[in-house]
Amino acid sequence: MIVYLNGDYLGKEKAQISVDDRAFLFADGVYEVIRAYNGRLFKLPEHLRRLEQSVRGIRIPFSEFKKVGEVAERLVAENKLTSGNALIYVEVTRGSAARTHAFPPPETKPNVYVGPLEFSKKRHSQQEKGISVILVPDIRWSRCDIKTVGLLPNVLMAQRALDEGADDAIFVRDAVAIEGTASNFFGIFQGVVVTHPKTNLMLAGITRDVVLELCGNLGLPTRESPILESDLPQADELFVTSTTMEVTPVVEVDGRKVGDGKPGRITRRLQKAFREYVESLGD
């Protein structure tokens, strides 16, 4: 596969970063994952805006966001990702410099990498059958709204879920179910679609915003408010959203069925509406 690294297009096996890269040493970098449907990058401007917010959030001196978008589009074409599903990964780090905690000298150039990611074929099955999750303590830092590469808590809890026979984990902080290890979390209570409000404690997903918009189009009432862990047994339906998972039903929490243990009616409506929305962008 062809990737982009600091101005060069080259084979992925030839792309190399210094061991002094700040993301390698300190997780001092941010990233985005962009979905492509039949060669069209989904919500590219929104992803680039979030990338800019993340860059600004950790004060990396980088501003070439338009070029990142152009690079992503070129890689879709050069790697012949023009049919089916594809993912493009973007990472911007503070650059390579001597290992000191404080920022390196101002002339240090950020490292910029863009390349295709392998798309997991199991996502479709999960969307059809639903997933099981466990509830885990939120041990992340308090700036989850920045899409940093420092994902060790997410990694540990995703593995904990697999170790316990579940598909994913939902972070719980102060008795509130906030989001998944790589997704936003929704509940449906008496017909109302509820999800955590945008705060520093969660990452506002691009797909999350699309789903809230679709709810409005379908006449489904929504509420952005905390979902209490104690209220989960009363949920009619649960689902998660993300770039890779789209709209995926949650059918089991900590071994307990959600509803009848099958994807719910409203979740199915949102899945259908999301797919139609994606298809309409190609017209």
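The structure under discussion appears in the preceding block.
The rules behind the values
- Residues numbered from 1 in each chain as written.
- Predicted model: local features only at pLDDT ≥ 70, side-chain atom pairs only at ≥ 80, totals over all residues.
- Heavy atoms only, no water.
- Helix = DSSP H or I, 4+ residues; strand = E, 2+ residues; numbered from the N terminus.
- Expected span 1.5 Å × (residues − 1).
- Buried < 20%, exposed > 50% of the residue type's maximum accessible area, 1.4 Å probe, protein only.
- Arc of directions from axis to C-beta.
- Salt bridge = Lys/Arg side-chain N within 4 Å of Asp/Glu carboxyl O.
- Contact = heavy atoms within 4.5 Å.
- Axes fitted to C-alpha atoms, helices over the stretch in contact; angles between N-to-C directions.
- Parallel < 35°, antiparallel > 145°, perpendicular 65-115°, else oblique.
- Left-handed = near helix turned anticlockwise from the far one by under 90°.
- Nonpolar A, V, L, I, M, F, W, Y, C, P; charged D, E, K, R; others polar.
- Phe/Tyr/Trp six-rings, centres within 6.5 Å; stacked < 30°, edge-to-face > 60°.
- Lys NZ or Arg CZ within 6 Å of the ring centre and 35° of its normal.
- Pairing = 2+ DSSP bridges.
- Core = buried A, V, L, I, M, F, W, Y, C linked by side-chain atoms within 4.5 Å.

Chemist: Help me out: how do you make sense of helix 5 (residues 152-163) in this one?
Modeler: Each full turn of the α-helix corresponds to 3.6 residues, which orients residues three or four apart in the same direction. Taking 1.5 Å per residue, 12 residues should reach 16 Å; helix 5 reaches 16 Å between its end C-alpha atoms and fits that length. Within helix 5, burial applies to Pro 153, Asn 154, Met 157 and Ala 161. For helix 5, the angular spread of the buried residues around the axis is 95°, confining them to a single face. Along helix 5, the residues that are exposed and aim more than 90 degrees away from the buried face are Leu 152, Leu 162 and Asp 163. Residue Gly 165 follows helix 5 closely and has a positive phi angle near 80°.

Chemist: It is not clear to me how the pattern of salt bridges should be interpreted in this structure. Could you clarify?
Modeler: Any two side chains of opposite charge can pair, given that their charged atoms come close. The tally for this structure, following the rule as stated, stands at 18 salt bridges. The closest approach of N and O atoms between Glu 46 and Arg 49, which form a salt bridge, is 3.8 Å. Of this pair, Glu 46 and Arg 49 are both found in helix 2 (residues 44-57), 3 residues apart, which corresponds to roughly one turn of the helix. Close ionic contact of Glu 52 with Arg 56 constitutes a salt bridge, the shortest N to O distance being 3.7 Å. Highlighted residues: Glu 52 and Arg 56, both in helix 2, separated by 4 residues, approximately one helical turn. Via salt bridges that share partners, Asp 138, Arg 140, Arg 173 and Glu 179 belong to a single interconnected network.

Chemist: What's the story with the environment of Leu 214 in this structure? I'm lost.
Modeler: Tracing the chain through its elements places Leu 214 in helix 6 (residues 206-218). Separated by 57 residues in the primary sequence, Leu 214 and Gln 271 place their C-alpha atoms 9.9 Å from one another. Not counting the four nearest positions on each side in its chain, Leu 214 is found in contact with Leu 270, Ala 273, Phe 274 and Tyr 277.

Chemist: When you look at the packing of helix 2 against helix 3 (residues 65-78) in this model, what are you seeing that I'm missing?
Modeler: Each packed pair of helices is defined by two parameters, the angle between the axes and the distance between the axes. At their nearest, the axes of helix 2 and helix 3 sit 10 Å apart, and the two run at 135° to each other. By the criterion of interaxial angle, the relationship of helix 2 to helix 3 is oblique. Read as a crossing pair, helix 2 and helix 3 show a hand that is right-handed. When helix 2 is examined against helix 3, the residues Leu 44, Leu 48, Leu 51, Glu 52, Val 55 and Arg 56 are found in contact with a partner set consisting of Phe 65, Val 68, Gly 69 and Glu 73. Residues that form the contact of helix 2 with helix 3 fall into these classes: 6 nonpolar, 1 polar and 3 charged.

Chemist: Help me understand the packing of aromatic side chains, please; the structure alone is not making it clear to me.
Modeler: Taken as a whole, this structure holds 8 aromatic pairs when the rule is applied. With centroids separated by 6.3 Å and ring planes inclined at 90°, the aromatic side chains of Phe 42 and Tyr 277 adopt a geometry described as edge-to-face. Within this pair, whereas Phe 42 is found in the loop between strand 4 (40-41) and helix 2, its partner Tyr 277 is found in helix 7 (residues 265-281), the two being separated by 235 residues in sequence. The same class applies to Phe 42 as to Tyr 277, namely buried. Plain terms: the ring middles of Phe 186 and Phe 239 are 4.6 Å apart, the flat faces sit at 10° to each other, and that makes the pair stacked. Of this pair, Phe 186 sits in strand 10 (residues 184-189) while Phe 239 sits in strand 14 (residues 237-242); the two residues are 53 residues apart in sequence, bridging distant segments of the chain. For the pair formed by Phe 186 and Phe 239, the shared burial category is buried. Here the aromatic residues Tyr 37, Phe 42, Phe 274 and Tyr 277 are joined through ring pairs into a cluster of three or more. One cation-aromatic arrangement involves Arg 94 over Phe 103; the distance from NZ or CZ to the ring centre is 3.8 Å.

Chemist: How do you make sense of the sheet that holds strand 4 when you look at a structure like this?
Modeler: Each strand in a sheet pairs with another by means of backbone hydrogen bonds, the pair being arranged parallel or else antiparallel. With antiparallel pairing, the 6 strands of this open sheet are ordered in space as 2-1-6-5-3-4. Each having just a single partner strand, strand 2 (8-11) and strand 4 make up the two edges of the open sheet. When strand 3 (residues 29-37) meets strand 5 (residues 85-93), the two strands line up antiparallel, connected through 9 bridges. Of the residues in strand 5, the one forming a bridge with Tyr 31 is Glu 91. Helix 3 contacts strand 1 (2-5), strand 2, strand 3, strand 4, strand 5 and strand 6 (111-117) of the sheet and is inclined by roughly 160° relative to strand 1.

Chemist: Where do I start with the nonpolar core in this structure?
Modeler: If you look at soluble globular proteins, the nonpolar side chains tend to sit buried side by side. Formed by 26 residues in total, the largest nonpolar core has its most connected members in Leu 41, Leu 51, Val 55, Phe 62, Ile 88, Val 92 and Val 114. For this core, the secondary structure elements donating two or more residues are strand 3, helix 2, helix 3, strand 5 and strand 6. Per-element accounting of this core gives the leading share, 6 residues, to helix 3. Once you skip the residues sitting within four places of it in the chain, Leu 41 turns out to touch Ile 34, Arg 35, Ala 36, Ala 72, Glu 73, Val 76 and Ile 88.

Chemist: What is the right way to look at helix 4 (residues 122-129) in this model?
Modeler: Residues of helix 4 that are buried include every one of Arg 123, Gln 126 and Gln 127, and no others. Taken down its axis, helix 4 places every buried residue within 100° of arc, on the same side. Exposed and facing more than 90 degrees away from the buried side of helix 4 are His 124 and Lys 129. Looking at the buried side of helix 4, the elements it contacts are strand 7 (131-137), strand 15 (246-253) and helix 7. Immediately beyond the C-terminal end of helix 4, within one or two residues, lies Gly 130, with a positive phi of roughly 90°.

None of the figures reported here should be taken as evidence of function without further support.
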